[in-house]
Amino acid sequence: MTADIEISNVSKRYGAMTVLEDLSLSIKAREFVVFLGPSGCGKSTLLRMIAGLETVDAGEIAINGARIDHLPPGQRGVAMVFQSYALYPHMTVRDNLAFGLQNIGVSRDVIDARIHEAARILEMSHLLERKPGQLSGGQRQRVAIGRAIVKEPKAFLFDEPLSNLDAALRTRTRIELAQLHQRLQSTMIFVTHDQVEAMTLADRIVVMNNRKIEQIGAPMEIYERPATRFVAGFVGAPAMNFIDVTLDRSGANATAAFAGGISVQTDIDTADLSEGAYTFGIRAEDVRIVASGQGNTDGTVDVLERLGERTLVYARLNDGQQIVGSDAGNSRVAVGDTVGLSFDGRKAHLFDESDRAWHAREG
Ligand code: ADP
Ligand code: MG
């Protein structure tokens, strides 16, 4: 069972506060879509509107071509999994799984078969007679997912389902969710503020901020060609470096001039760049640490973060700005050293004052 979901010009207000404004989005059948954005940007609200737990103030939501925004939650064919699990503590796992189905009059045989199948998929057959209090956090989350599976929904809606798990379990459950999606071939919408979850799980990421959608795209599209400075800064860790520059637009490719006489030749077409102030953006992996005097500029090392496979080097330029670059895992650099920073202009991004973005020509 699967479904496409069409969200058209949807708005939501709480009293005088507009939480979502004229938002449109098409989700394809079998797609894994992640709503990503900072806390408070309206991700849960949008998900709850699809589920029927919040009303829609303006616009429409349709599933498989039929409008559903006026239907009660139980008639929409979607199942939601919450961060808080929301299990009945006095019921066994089996009864938790059966409860929603009994309420809508599904026969005992069908219920038993679905529970059997869900327990098999989630490898929790041995937990069916336990109560939630006798389960670990990860097992409870599994039951919450199982409760959605037995409903055989056309779409699964997950609201930060991994947030209460410890780091190791979060990574494992993330991989299991990806496998579950492959197996069930259902449409899935997953809400998170964690860009790693979004990058690893999504077919497409919907980046949200400040009442609206900033960008919709495949993970690497968002990473390599962020549509706005917000997206560029929010997706990717560490956050992208941003530097105020003036542009030399006399050649085919723009050259960015920083304070202090530093200039970086980019691979960005000058054709549609206008006059005015620009911000230059570059990711840490595109700023290599080289010997002093050998890069675009020198910097003094403030902080090192050793991540194992690479070392992040936070260096301060003459004008006081801090830039993060990357060096080998076994970097010999020490705090206080003067190092060279080599910017890879082919990976540079430019943002203008109206938040339009430019990227290097496509290879
Ligand atoms: P997110 O899930 O992205 O963290 P939410 O969708 O929960 O954000 O909330 C978006 C905004 O709407 C927040 O400012 C939040 O405080 C507000 N909000 C959410 N639910 C309600 C409500 N029931 N009444 C009033 N304001 C709400
Ligand atoms: Mg939320």
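Use the structure listed above.
Please read these numbers as outputs of a predicted model, since none were measured by experiment.

Rules of the game
- Every chain begins its residue count from 1, and numbering advances along the sequence as written.
- Each chain takes a letter, starting from A, and each ligand takes a number, starting from 1, following the order in which they are written.
- Local features in this predicted model are restricted to residues whose pLDDT is 70 or higher, and side-chain atom pairs enter the listing and the counts only when it is 80 or higher, whereas totals over whole chains, interfaces and linings include all residues.
- Only heavy atoms go into the side-chain values, all of them from the structure, while hydrogens and water stay out.
- Strands here mean DSSP runs of E at least two residues long; helices mean DSSP runs of H or I at least four residues long; both are numbered from the N terminus.
- Buried means the residue's accessible area, taken with a 1.4 Å probe over protein chains only, is under 20% of the maximum for its type, while exposed means over 50%, and partly exposed covers the values in between.
- Residue contacts are counted whenever heavy atoms from the two residues lie within 4.5 Å of one another.
- Pairing between two strands requires that DSSP report at least two bridges joining them.
- Here, the term right-handed applies to a crossover whose path from the first strand over the helix to the second runs clockwise when the strands point away from the viewer.
- Cavities and pockets are defined on a 1 Å grid built over the protein atoms alone: a cavity is a set of grid points where a 1.4 Å probe fits but cannot escape, while a pocket is an open set with protein on both sides within 12 Å along at least five of seven lines, and lining residues are those with an atom within 4 Å of any such point.
- Grid points are joined across faces, edges and corners, and a volume is the space filled by probe spheres set on the points.
- The nonpolar class holds Ala, Val, Leu, Ile, Met, Phe, Trp, Tyr, Cys and Pro. Asp, Glu, Lys and Arg form the charged class, and all remaining residues, Gly among them, are polar.

Q: Hey, could you go over the overall build of the protein for me, with residue numbers and the actual values?
A: Tallying secondary structure elements over the protein gives 8 helices and 21 strands in all. Projected onto the principal axes, the alpha-carbon positions of the protein cover approximately 75 × 45 × 40 Å. Expressed as a percentage of its 363 residues, the buried residues of the protein come to 48%. Taking as baseline every contact in the protein between residues at least 6 positions apart, the subset at least 24 positions apart corresponds to 65%.

Q: Give me the pairing of strand E7 (residues 155-159): which residues, what numbers.
A: Moving residue by residue along a regular strand, the side chains alternate between the two faces of the sheet. The buried fraction of E7 amounts to 5 of the 5 residues, a majority that puts the element mostly inside the structure. Two strands pair when backbone bridges link them, and strand E6 (residues 78-81) and E7 are joined in this way by 4 bridges, in the parallel orientation. Residue pairing for E7: Met-80 is matched across the bridge by Leu-157. When E7 meets strand E8 (residues 187-192), the two strands line up parallel, connected through 5 bridges. Paired with Leu-157 across the two strands is Ile-189, which belongs to E8. In terms of handedness, the path from E7 via helix H5 (residues 167-184) over to E8 forms a crossover that is right-handed.

Q: With reference to specific residues and values, describe the layout of surface pockets.
A: Roughly 650 Å³ of internal volume is contained in the largest pocket. In terms of lining, the largest pocket is formed by 26 residues, of which the most central are Gly-74, Val-78, Ala-79, Met-80 and Lys-151. Each residue belonging to the lining of the largest pocket can be placed in one class, and the counts come to 17 nonpolar, 4 polar and 5 charged.

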